[in-house]
Amino acid sequence: MLLIPFLTGAVTFGFAAAALFFLRFWTRTRDELFLAFAAAFLLLAIQAGFALAVIDVEDRAWIYLIRLAAFMLIIVAIIRTNTRGK
């Protein structure tokens, strides 16, 4: 029973570590793609952290909007990076 909160915390930590990893590359290169990835992984860490909260199943739907925002942020950043040279 204690394994689920532990694994959820590990996933949250992993997302936060990935955010810091991409933030470090952004400080070196100032490429907005790295900043977008850092922000997206931070949003995913927040979304995973909400899994530890005691929220009824019926009231959890809004949490997935955070994940949607993170993926949309990545998609928009990739499109902007690919169309920047044109």
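Computed from a predicted model, the values in this text were never measured in an experiment. Every residue gets a number counted from 1 within its own chain, in the order that chain's sequence is written. Residues qualify for local features only when their pLDDT is at least 70, as the model is predicted, and side-chain atom pairs are given and counted only at 80 or more; totals for whole chains, interfaces and linings, by contrast, use all residues. Neither water nor hydrogens contribute to the side-chain values; these are computed over all heavy atoms in the structure.

## Focus on helix H2 (residues 32–50)
Then, in step 1: Numbering of helices and strands starts at the N terminus; helices are DSSP runs of H or I of at least 4 residues and strands are runs of E of at least 2. By this rule the span expected of a helix is its residue count minus one, scaled by 1.5 Å. The terminal C-alpha atoms of H2, which comprises 19 residues, lie 27 Å apart, in line with the 27 Å expected from a rise of 1.5 Å per residue.
Then, in step 2: Accessible area is worked out with a 1.4 Å probe on protein chains only. A residue is then buried under 20% of its type maximum, exposed over 50%, and partly exposed in between. Listed as buried for H2 are Leu 33, Ala 36, Phe 37, Ala 38, Ala 40, Phe 41, Leu 44, Ala 45, Gln 47 and Ala 48.
Then, in step 3: Here, two residues are considered to be in contact whenever any of their heavy atoms come within 4.5 Å of each other. Buried residues in H2 make contact with helix H1 (3–29) and helix H3 (63–83).

## Focus on unusual backbone geometry
Then, in step 1: The backbone of Arg 30 shows a phi angle near 60°, a positive value even though the residue is not glycine.
Then, in step 2: Arg 30 gets classed as exposed once you look at its relative accessible area, which sits at 55%.

## Describing the packing of aromatic side chains
Two descriptors summarise a pair of aromatic rings, namely the distance from one centre to the other and the angle between the planes of the rings.
Then, in step 1: Stacked, tilted and edge-to-face are the three classes applied to pairs of Phe, Tyr and Trp rings, where Trp contributes its six-membered ring and a pair requires centres within 6.5 Å; stacked means planes under 30 degrees apart, edge-to-face means over 60, and tilted covers the rest. If you walk through the whole model with that rule in mind, you get 8 aromatic pairs.
Then, in step 2: Seen from their ring centres, Phe 22 and Phe 34 are 6.3 Å apart, and the 25° between their planes marks the pair as stacked. In this pair, Phe 22 sits in helix H1 while Phe 34 sits in helix H2, placing the two residues 12 residues apart along the sequence.
Then, in step 3: On the basis of an interplanar angle of 70° and a centroid distance of 5.2 Å, the ring pair of Phe 50 and Trp 62 is categorised as edge-to-face. Residue Phe 50 is found in helix H2, and its partner Trp 62 is found in the loop between H2 and H3; the two are separated by 12 residues along the sequence.

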